Amino acid sequence: MKIKLTPELSYVIGLWRKARCQEGLGVQGNKDVLEVFSQEALEKQLTTSDKMLSGDEKIYFYHTAYRKFFQEVEKEELERFKYLNEYAANYLAGMFDAAGHIDERGVVSLGQATKQDEMMLLRLGFQTRRRADRLIIERPVVFLTFIKNYVKIFKDHKVFDYIKTHEK
């Protein structure tokens, strides 16, 4: 079975990367993250609904080939997502949906950030500042404009409404 990276699969991998659970291939967190992950996994035919397992605030399935592929993409993150394209936008949108935050002052940050995440964002042209395990995005409107068409959990946030009304 040859697995090919698609922009849509990039989103699922980004989501999994920041919210993964210990069991199988899945995520943990709030109900939005669980819903989006299960919906995307079923739509992309990564598994079937009868093989989807859930526990306390987590949902997962077992598939060795996909797990290995997801881990490979994560390891090669800097090489695979080095261009401002649909793949990188989807991957960042998935990461943002899982661990992103927009506070009341409009400060945009990404949680559970690794040095590799920081390097990838920098290579893509997004300046960041580190605050504990969070990366504060320096020019949030540019970043959010890049991922706006691909986010699924944050898509109804008022910041995205603002971006859409102020686009040319």
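Quick caveat: nothing in here was measured; it's all calculated off a predicted structure.

S.K.: I would appreciate a short explanation of the overall build of the chain in the present structure.
M.R.: What the chain contains, in helices and strands, is 8 helices and 7 strands. Over its C-alpha atoms the chain spans a radius of gyration of 15 Å, differing by no more than 12% from the 15 Å that the globule rule assigns to 168 residues. Over its C-alpha atoms, taken along the principal directions, the chain stretches across nearly 45 × 35 × 30 Å. Long-range pairs, those at least 24 residues apart, make up 59% of the contacts in the chain with a sequence separation of at least 6. For the chain, the exposed surface amounts to about 9300 Å²; the carbon and sulfur share of it is 49%. In the chain, which carries 28 positive and 25 negative side-chain charges, the distance between the mean positions of the two groups comes to 5 Å.

S.K.: Would you explain the nonpolar core in this entry?
M.R.: Judged by nonpolar contacts, the single largest core of 52 residues is most densely connected at Phe70, Leu92, Phe96, Phe143 and Leu144. Excluding residues that lie within four positions of it along the chain, Phe70 makes contacts with Leu9, Val12, Ile13, Trp16, Leu25 and Leu46.

S.K.: Would you take a moment to explain helix 2 (residues 31-43) for this structure?
M.R.: In an α-helix, one turn spans 3.6 residues, which is why side chains three or four residues apart end up on the same side. Helix length check: helix 2 (13 residues) gives 18 Å between terminal C-alpha atoms against 18 Å at 1.5 Å per residue, within 8%. Structurally, helix 2 contributes buried residues whose contacts are with helix 1 (7-19), strand 1 (25-28), strand 3 (58-61) and helix 5 (86-99). For helix 2, the N-terminal cap is Asn30; the gap from its side-chain oxygen to the backbone nitrogen of Asp32 is 3.1 Å. Following helix 2 by one or two positions, Gln45 has its phi on the positive side, about 55°.

Analysis parameters
- Just so you know, the residues in each chain are numbered from 1, in the order the chain's sequence is written.
- Only residues with pLDDT of 70 or above have their local features reported here, since the model is predicted, and side-chain atom pairs are shown and tallied only from 80 upward, although totals for entire chains, interfaces and linings are computed over all residues.
- Based on all heavy atoms of the structure, the side-chain values leave hydrogens and waters out of the count.
- Note on conventions: DSSP H or I runs of at least 4 residues are helices, E runs of at least 2 residues are strands, and numbering of each starts at the N terminus.
- The reference for a compact globule is 2.2 Å times residues^0.38; the radius of gyration itself is calculated from the C-alpha atoms.
- Should any heavy atoms of two residues lie within 4.5 Å, those residues are counted as being in contact.
- Accessible surface area values rest on a Shrake-Rupley calculation with a 1.4 Å probe, where residue burial reflects the displayed protein chains alone.
- Only four residue types enter the charge count: Lys and Arg as positive, Asp and Glu as negative, with His and the chain ends excluded.
- Just so you know, the charge point we use is NZ for Lys, CZ for Arg, CG for Asp and CD for Glu.
- What we call a nonpolar core is a set of buried Ala, Val, Leu, Ile, Met, Phe, Trp, Tyr and Cys residues that are connected through their side-chain atoms within 4.5 Å.
- Between buried and exposed lies partly exposed: a residue is buried under 20% and exposed over 50% of the maximum accessible area for its type, with that area taken using a 1.4 Å probe on protein chains only.
- Here a helix's expected span is defined as the number of its residues, less one, multiplied by 1.5 Å.
- Whenever a nitrogen or oxygen atom comes within 3.5 Å of another N or O atom, the pair is scored as a polar contact, on the condition that within protein one atom can donate a hydrogen and the other can accept it, and that pairs from neighbouring residues in sequence are kept only if both atoms are in side chains.

So yeah, pure geometry; function would need other evidence.
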